[in-house]
Structure formats: C-alpha cells, structure tokens
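Given next are the chains, with one letter for each unit.
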Amino acid sequence: MPTLRSILVPTDLSPCSTRALASAQEFASAFGASIDLLYVWSAPPLVAPESVITGVGINEQPLLEWIRQSATEQLTKCEATARQSGIAVRNSTCEAGDPATTIVERATSGKYDLLVMGTHGRTGISHVIMGSVAEKVVRRAPCPVLTVRSE
C-alpha cells in the first residue's frame, strides 16, 4: 500500500471545495498525512494590463493588487474555518494563474501524494462553456486525484 504523507487540496472557496477538504481530512487522519490548501485566482479577462490601471477602491491600489489581496483574505478565512472545524491545514497558498495548470505545477513541485478537489459535475453546454478544472487536473496530475462531487 502506498504511503500518503502530503495532500494538496485546491479550492475555489465553494461549498463543493469545503466537502473536498473534509474528505481530505479523513485521509489525512487515517494516514497521518498533512494538508495544504491552494487557491488559484485569475484576473478577469477584460482587465487592462496592471501598468495601465491607475487604481480602484479607497486605498487607490492597482486593480490586480486589490484582487490578489482579496483572494488572499478569502483563503485566510477558509483556512480559519477549516481549523475551527478540526481540519489540520499545514500551509495555504494563494497564486495567480490558470487554475488547472497552476494546480498541476504545484502538485509536481510539492511532490504531493494525493490531490483532493471538488467538482461541480457540470454537463452539457455548461460544461462546454465553463470547462472543467477537475477534468484537466485529472488528465495531467503527477499523482492520484480524488474528486468530490457537490451535492
């Protein structure tokens, strides 16, 4: 039986991801593994390059910096909620990029033994339009991937 030392849980901060995190905790408890959270955000497709944007909001921060800060704050809240629920999160990381590509790169560089991620289970036209991050990760991941479907 393979050893399970480290688990990466990519999150989009949805209830589906919360269910995946709970499943990851079950594996972590059973095998004595650690859990790392990864939140990958991407800039809206119609945003001008950061050097063009003068600022938004009260602090006049560049838009992409504001998005980055907001994403980090959301992940921090997610991690705190997980810890309050008894889930032992070792690290949490917030990165910008294409979600599927970044998840696979992180799984490879971190030498994770398992990925546990939620899937929304879209089919038909919504699957064609929205795509499936989980599907892309399953196809390219360097380790086993457990997908947890939303209710």
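Regarding the packing of aromatic side chains
Right, on to step 1. All told, the structure shown has one aromatic pair when counted by the stated rule.
Right, on to step 2. Their ring planes at 10° and their centres at 6.4 Å tell us that F27 and F31 sit as a pair that is stacked. Taken together, the residues F27 and F31, both in helix α1 (residues 15-31) and four residues apart, mark about one turn of the helix.
Right, on to step 3. Classification of F31 by relative accessible area gives partly exposed; the value is 35%.

Observations regarding the sheet that holds strand β2 (residues 34-41)
Right, on to step 1. Here we have five strands laid out as an open sheet, ordered β3-β2-β1-β4-β5, and parallel in their pairing. Sheet topology places β3 (89-96) and β5 (145-149) at the edges, where each strand pairs with a single neighbour. Taken over all neighbouring pairs, the strand axes of this sheet differ in orientation by 20° on average, direction set aside.
Right, on to step 2. Both strand β1 (residues 6-11) and strand β4 (residues 114-119) contribute to a ladder of two bridges, which runs parallel. Within β4, the residue paired with I7 across the bridge is L114.
Right, on to step 3. Helix-sheet contacts for helix α3 (residues 99-109) involve β1, β2, β3 and β4, and the interaxial angle to β2 is about 150°.
Right, on to step 4. Packed on one face of the sheet, helix α5 (residues 133-140) meets β4 and β5 and runs near 155° to β4.

Overview of unusual backbone geometry
Negative phi values dominate among residues other than glycine, just as trans dominates among peptide bonds.
Right, on to step 1. The residue L13 is not glycine, and still its phi comes out positive at about 70°.
Right, on to step 2. The phi dihedral of K111 is positive, around 50°, even though this residue is not glycine.
Right, on to step 3. Of note, K111 is situated in the loop between α3 and β4.

A few points about helix α2 (residues 63-84)
Right, on to step 1. With 22 residues, α2 ought to run about 32 Å at 1.5 Å a step, and its terminal C-alpha atoms sit 32 Å apart, in line with that.
Right, on to step 2. Along α2, the residues classified as buried are L63, L64, I67, A71, L75, C78, E79 and A82. With its buried residues spanning 150° around the axis, α2 presents them on a single face. Counted as exposed and oriented over 90 degrees from the buried face of α2: K77 and Q84.
Right, on to step 3. On its buried face, α2 sits against β1, α1, β2 and β3.
Right, on to step 4. Residue G86 follows α2 closely and has a positive phi angle near 90°.

Parameters at a glance
Every residue gets a number counted from 1 within its own chain, in the order that chain's sequence is written. With pLDDT at 70 or above as the cut-off, local features in this predicted model cover only qualifying residues; side-chain atom pairs require 80 or more to be listed or tallied, and sums for whole chains, interfaces and linings still use all residues. Just so you know, side-chain values use all the structure's heavy atoms and leave hydrogens and water out. Each Phe, Tyr or Trp ring, with Trp reduced to its six-membered ring, pairs with another whose centre is within 6.5 Å; inter-plane angles below 30 degrees give stacked pairs, above 60 give edge-to-face pairs, and intermediate values give tilted ones. Put simply, DSSP marks the helices as runs of H or I at least four residues long and the strands as runs of E at least two long, and each gets a number from the N terminus on. Relative accessibility decides the category of a residue: with a 1.4 Å probe and only protein chains considered, values under 20% of the type maximum give buried, values over 50% give exposed, and everything between is partly exposed. Strands pair, by our definition, only if DSSP identifies at least two bridges between them. Only the stretch in contact is used when fitting a helix axis, every axis being a line fitted to C-alpha atoms; angles between N-to-C directions are given from 0 to 180 degrees. Residues count as neighbours in contact if any of their non-hydrogen atoms are within 4.5 Å of one another. To estimate the expected span of a helix, subtract one from its residue number and multiply by 1.5 Å. Summarising the geometry, the arc corresponds to the directions from the helix axis toward the C-beta atoms.

In short, the description is geometric, and any link to function would need to be established separately.
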